[in-house]
Amino acid sequence: MELVKLTADHIPQMVELEKICFSLPWTADMIRSELNNPSCLYLAAVDGDTLAGYIGVQTVLDEGYINNVAVRPEYRRKGIAAALISLLIDEARAIGLAFMTLEVRESNAPAIALYEKLGFTTVGRRKNYYEKPREDAILMTIFFTKE
Ligand code: COA
């Protein structure tokens, strides 16, 4: 398994992975515009030619907003999401971000457990944030202190 920068070559597999993972998946056009956005960083976990997982973050000044994390079902529980987030955390510290934050469905126990394990804490809730099905979002943040 290798962690690399996600490129346009990965878009077809990313579209497939979005459809597997999310009820409102991103389209190829949406992904392309993310990849062309200089404030976004997307990382991929690749196994040969297979996109096993990916993560994306957008930075605004010294704040990081994690957009999406997804791992193919057959590659789950192997530490891939944890490796991708850990790499982002290292990068975030290196460039001096104050925090990274994300939203997660309140029913998404695997993702919440993952973020807690990596140091994110619950900081709030957005009522009825998600559709299909309608559900609250839990806001989780990891804060970086400057040494
Ligand atoms: N149940 C309980 N805890 C889980 C879990 C599960 N199904 N999956 C991950 N975790 C927690 C565990 O603490 C795990 O450590 P452990 O395996 O040593 O117990 C830790 O997270 C790291 O797991 P990891 O193997 O790195 O996660 P993953 O590569 O399987 O990916 C998701 C986790 C959530 C990204 C993956 O399940 C996924 O793609 N889900 C669908 C998309 C999604 O919900 N994305 C998040 C949107 S906010």
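Below is a short write-up of the structure. Computed from a prediction, not measured in an experiment: that's the story for all the values here.

1. With respect to the side chain of D136
Inference 1: Relative to the helices and strands, D136 resides in strand β7 (residues 135–143).
Inference 2: Using a relative accessible area of 6% as the deciding quantity, one classes D136 as buried.
Inference 3: Looking at D136, its side chain comes within polar contact range of the main-chain nitrogen of N128, at 2.9 Å.

2. Here's the deal with the sheet that holds β7
Inference 1: Strand order across the open sheet formed by seven strands is β1-β2-β3-β4-β5-β7-β6, with mixed pairing between neighbours. The open sheet terminates on both sides in strands that have one partner only, identified here as β1 (2–5) and β6 (121–130). The sheet shows a mean angle of 25° between the axes of neighbouring strands, direction not considered.
Inference 2: Direction of pairing for strand β4 (residues 63–71) relative to strand β5 (residues 99–105): parallel, over a ladder of three bridges. Within β5, the residue paired with E63 across the bridge is F99.

3. Side note on the site of the ligand
Inference 1: Around the ligand there are 21 residues in total, and V69, V71, R77, G79 and N108 lie nearest to it.
Inference 2: One of the backbone N or O atoms of V71 is found 2.8 Å from an oxygen atom in the ligand.
Inference 3: In the complex, 76% of the free accessible area of the ligand, which totals 920 Å², lies under the protein chains.
Inference 4: The set of elements that each furnish at least two residues to the shell around the ligand consists of β4, α3 (80–94), β5 and α4 (109–117).

4. A short note on the side chain of E135
Inference 1: Residue position: E135 is located in strand β7.
Inference 2: Look at E135 and you get buried, because its relative accessible area is 10%.
Inference 3: Looking at E135, its side chain comes within polar contact range of the main-chain nitrogen of E106, at 3.2 Å.
Inference 4: Setting aside residues no more than four positions away along its own chain, E135 makes contact with R105, E106, S107, N128, Y129 and Y130.

5. Things to note about the packing of aromatic side chains
Inference 1: Here the structure, examined in full by the defined rule, presents four aromatic pairs.
Inference 2: Taken together, a centroid distance of 5.7 Å and an interplanar angle of 55° make the contact between Y115 and F120 tilted. Take Y115 and F120: they sit in the same class, and that class is buried.
Inference 3: Ring geometry for Y129 versus Y130: centroids 5.0 Å apart, planes at 85°, classification edge-to-face.
Inference 4: According to the relative accessible area criterion, Y129 is partly exposed, its value standing at 39%.

What counts as what
- Residues numbered from 1 in each chain as written.
- Predicted model: local features only at pLDDT ≥ 70, side-chain atom pairs only at ≥ 80, totals over all residues.
- Heavy atoms only, no water.
- Helix = DSSP H or I, 4+ residues; strand = E, 2+ residues; numbered from the N terminus.
- Buried < 20%, exposed > 50% of the residue type's maximum accessible area, 1.4 Å probe, protein only.
- Polar contact = N/O pair within 3.5 Å; in protein donor to acceptor, adjacent residues only side chain to side chain.
- Pairing = 2+ DSSP bridges.
- Axes fitted to C-alpha atoms, helices over the stretch in contact; angles between N-to-C directions.
- Near = heavy atom within 4 Å.
- Areas by Shrake-Rupley, 256 points an atom, 1.4 Å probe, with all protein chains shown as cover.
- Contact = heavy atoms within 4.5 Å.
- Phe/Tyr/Trp six-rings, centres within 6.5 Å; stacked < 30°, edge-to-face > 60°.

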